[in-house]
Amino acid sequence: MLIRGLSILLAGIVLSAGIAKSARAAAPAPLPPAISAAISAAYANQCSLLKNTDIDGFSKTFTNHWVENDPNGTKVTKAQAIVAIKQQIAMMGLTLTDCAATISSGSVSPDGNTVTVSVEQSADGTVASQSGTSPIQVSTRETDVWVKRGANWLQSASTILKNTIMVNGQVVQQSGSR
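Residues numbered from 1 in each chain as written. Predicted model: local features only at pLDDT ≥ 70, side-chain atom pairs only at ≥ 80, totals over all residues. Heavy atoms only, no water.

A.B. asks: Quick question: what am I supposed to make of the overall build of the protein here?
C.D. replies: When you go through the protein residue by residue, the secondary structure sums to five helices and seven strands. Ordered by position in the sequence, the α and β elements of the protein form the string α-α-α-α-β-β-α-β-β-β-β-β. Buried positions account for 43% of the 178 residues belonging to the protein. Carbon and sulfur atoms make up 54% of the accessible area of the protein, which amounts to about 8600 Å² in all. (Helix = DSSP H or I, 4+ residues; strand = E, 2+ residues; numbered from the N terminus. Buried < 20%, exposed > 50% of the residue type's maximum accessible area, 1.4 Å probe, protein only. Areas by Shrake-Rupley, 256 points an atom, 1.4 Å probe, with all protein chains shown as cover.)

See below:
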């Protein structure tokens, strides 16, 4: 549960392996600057909400039907993810001090209302330990889908391709390889 909660926290923070394969096989044109800026701002907003432990606000950055697929084929719904995040923050004393998302490539649907991006995300923070707190670092590589709803971009799906969680500089979980 600890690992799932941390994975979910970032994935919130992630479509299918087929989409990821095709994204690598044919390098898409860069995202239009306005869309790239809007999606980057959406990731920055998610980071800010997580750093401020505003999980209810964070949940509003996802569509109601958001789903995450992890490297093991496990699917997590939005409701499951939000419950797990809240539990992990409470049980572990998790505090995020920094997070970032770097978009490496993406594509836009013909109508301009759906964007699929390849992104690397990282988060640094602390968790409670016997000696007070311990540093935690989480990094993921994923494919995310964003949809435009009015003036807002909401994340509708996430596929985690690789996930690494480290506590005190030691890997406590690693999955995926792409």
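A.B. asks: Would you mind showing me how to read the nonpolar core here?
C.D. replies: Nonpolar side chains tend to gather and get buried jointly when the protein is soluble and globular. Counting 21 residues, the largest nonpolar core has I55, F58, I85 and I136 as its most contacted members. Those elements giving two or more residues to this core turn out to be α3 (33–51), α4 (55–59), β1 (62–69), α5 (78–92), β3 (95–108), β4 (114–129) and β5 (132–149). No other element matches the five residues that α5 contributes to this core. Grouped together as the second largest cluster of nonpolar side chains are 10 residues, L31, I35, V117 and W146 included. (Core = buried A, V, L, I, M, F, W, Y, C linked by side-chain atoms within 4.5 Å.)

A.B. asks: Can you walk me through α3 in this structure?
C.D. replies: Side chains of residues three or four places apart in an α-helix project in the same direction, reflecting 3.6 residues per turn. Taking 1.5 Å as the rise per residue, α3 with 19 residues should run 27 Å; its terminal C-alpha atoms sit 27 Å apart, in good agreement. When we look at burial in α3, the residues that qualify are I35, I39, A42, Y43, Q46, C47, L49 and L50. T53 occupies a position one or two residues after α3 and carries a positive phi of about 55 degrees. (Expected span 1.5 Å × (residues − 1).)

A.B. asks: Would you take a moment to explain the pattern of salt bridges for this structure?
C.D. replies: Opposite charge on two side chains makes pairing possible when the charged atoms of those side chains draw close. Evaluated as defined, the whole model comprises one salt bridge. Of the charged contacts in the structure, one is a salt bridge between K86 and D56, with a shortest N-O distance of 2.9 Å. Residue K86 is found in helix α5, and its partner D56 is found in helix α4; the two are separated by 30 residues along the sequence. On the accessibility criterion, K86 (39% relative accessible area) is partly exposed. (Salt bridge = Lys/Arg side-chain N within 4 Å of Asp/Glu carboxyl O.)

A.B. asks: I keep staring at the side chain of T164 and nothing clicks. Help me out?
C.D. replies: Assignment of secondary structure puts T164 in strand β6 (residues 152–167). Polar contacts involving the side chain of T164 include one to the side chain of Q174, which spans 3.1 Å. In this view, T164 contacts Q137, V138, S139, V171, Q173 and Q174; residues no more than four positions away in its chain are not counted. (Polar contact = N/O pair within 3.5 Å; in protein donor to acceptor, adjacent residues only side chain to side chain. Contact = heavy atoms within 4.5 Å.)

A.B. asks: Help me out: how do you make sense of the state of the cysteines in this one?
C.D. replies: When the sulfur atoms of two cysteines share a covalent bond, that bond is a disulfide. Per the stated rule, a full pass over the model turns up one disulfide. There is a disulfide in this structure between C47 and C99, and the S-S distance comes to 1.8 Å. Taking the sign of the torsion about the S-S bond as the criterion, the disulfide between C47 and C99, at about 110 degrees, is right-handed. On the criterion of sequence distance, the pair formed by C47 in helix α3 and C99 in strand β3 is long-range, its members being 52 residues apart. (Disulfide = S-S within 2.5 Å.)

A.B. asks: When you look at the environment of T164 in this model, what are you seeing that I'm missing?
C.D. replies: Take T164: its relative accessible area is 11%, and that puts it in the buried class. Linking T164 and Q137, residues 27 residues apart in sequence, is a C-alpha distance of 8.1 Å.

A.B. asks: Explanation requested: the pairing of β3 in the structure shown.
C.D. replies: Two faces, one strand: in a regular strand the side chains alternate between the faces of the sheet. Sheet topology places β3 next to β4; 12 bridges connect them, and they run antiparallel. Across the sheet, residue I103 finds its bridge partner in β4, namely V119. Once β3 ends, the chain turns through five residues before running back antiparallel as β4, passing G112 with a positive phi of about 80 degrees. (Pairing = 2+ DSSP bridges.)

A.B. asks: Before we go on, may I ask you to explain α5 in this structure?
C.D. replies: Given a rise of 1.5 Å per residue, 15 residues ought to cover 21 Å, and the 21 Å separating the end C-alpha atoms of α5 matches this to within 8%. Restricting attention to buried positions, one finds in α5 the residues K78, A81, I82, A84, I85, Q88, I89 and M92. Buried residues along α5 cover an arc of 165 degrees about the axis, so they all sit on one side. Residues of α5 that are exposed and point over 90 degrees away from its buried face: A79, A90 and M91. Directly after α5, the chain includes G93, whose backbone phi takes a positive value near 65 degrees. (Arc of directions from axis to C-beta.)

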